[in-house]
Amino acid sequence: MKLVRFGPSGSEKPGIVAADGSIRDLSSVVDDISGAVLSPAGLDRLRAVDPTTLPAAPAGARFGSCVPMPHNFLAVGLNYADHAAESGMPIPKEPILFNKAPTSICGPDDDVVLLKDSAKSDWEVELAFVIGTEAFNVPAEKALDHVAGYCICNDVSERFWQLESTGQWVKGKSGPTYGPVGPWLVTGDEIADPQALAMTLDLNGNRMQTGSTETMIFGVVELIAYISRFMKLVPGDIVTTGTPPGVGMGMKPPVFLKAGDEMVLTVEGLGQQRQKVVAA
């Protein structure tokens, strides 16, 4: 299934993508794409619904993030060897974890609003996964049992605040609109192998990032087993898994986002995001 949330920001409704590509309103079935809805039983309940019996979403309705604001919005740094190289950093021996503020989350096609005094905002196309059942001390062989589905995340990053100044990653990753998520939550049964997905990012029509999740250093299974050693993940939590090479800070000279730019992101099987960059 492909699950969505549509409507004005803060008033999104749950939806499902029908076979003909139309968006159908799930409000009569569930309140939101969250909590127990993301469990195996909850998803099975949605699979039993015939989308053609549901009302269609309004034409041109805005997509919100495919899950509501989570308890945890975690990210993995330098999870592609070639991205670590372009960043001038060593390949990590174990996953580098950091937080993005949940308030950074926005819809997949919402404007990215540059932070006031931002000088080095950058793009990162990433595969994200969403937790469906509570995960704590999960063995690797059970890891995927805890995943509700997958989506695209743009891990927008203010590099000066992330790496210079006092060098706190969370500070450079957490601005409002710096975490577009969606458009769809694609359930795990539709993704045969999360480590075999092509991904791209275009900036103003020019291809900047071309990669595949097959080159991730630490895959989804390893990440769930690792992260759940240190914290409890709960349904609806988002973990975004790192980006391939081609980010702005790795270019010579570096290229950073400016008002008027447009980003288009794709991950195989997960749809497309399109964001315009606007000034604060």
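In case you missed it, the structure is sitting above this.
Read on for a plain summary of the structure. (Residues numbered from 1 in each chain as written. Predicted model: local features only at pLDDT ≥ 70, side-chain atom pairs only at ≥ 80, totals over all residues. Heavy atoms only, no water.)

Observations regarding the overall build of the protein
Here's step 1: Looking only at helices and strands, one finds 5 helices and 18 strands in the protein.
Here's step 2: Taken against the 2.2 N^0.38 rule, which gives 19 Å for 280 residues, the C-alpha radius of gyration of the protein at 18 Å falls within 12% of a compact globule.
Here's step 3: The 280 residues of the protein split such that 55% are buried.
Here's step 4: Long-range contacts, defined as pairs at least 24 residues apart, comprise 74% of the intrachain contacts of the protein with a sequence gap of at least 6.
Here's step 5: Surface exposure of the protein reaches about 11500 Å², of which carbon and sulfur atoms provide 55%.
Here's step 6: Charge centroids of the protein, computed over 22 positive and 33 negative side chains, lie 4 Å from each other. (Helix = DSSP H or I, 4+ residues; strand = E, 2+ residues; numbered from the N terminus. Rg over C-alpha atoms; globule rule 2.2 N^0.38 Å. Buried < 20%, exposed > 50% of the residue type's maximum accessible area, 1.4 Å probe, protein only. Contact = heavy atoms within 4.5 Å. Areas by Shrake-Rupley, 256 points an atom, 1.4 Å probe, with all protein chains shown as cover. Lys, Arg positive; Asp, Glu negative; His and termini not counted. Charge placed at Lys NZ, Arg CZ, Asp CG, Glu CD.)

Looking at the environment of Q272
Here's step 1: Locating Q272 in the fold gives a position in strand β18 (residues 272–278).
Here's step 2: Remark: the alpha-carbon pair of Q272 and A128, spanning 144 residues in sequence, is separated by 13 Å.
Here's step 3: In contact with Q272, other than residues within four places in its own chain, are D109, I152, P183, V264, L265 and T266.

Notes on the sheet that holds strand β15 (residues 206–212)
Here's step 1: Ordered in space as β7-β18-β17-β14-β15, the 5 strands form an open sheet in which the pairing is mixed. What marks the edges here is a single partner per strand, and that holds for β7 (112–113) and β15.
Here's step 2: Note: strand β17 (residues 262–267) against β18, 5 bridges, orientation antiparallel. Considered in β18, the bridge of M263 is made with Q275. (Pairing = 2+ DSSP bridges.)

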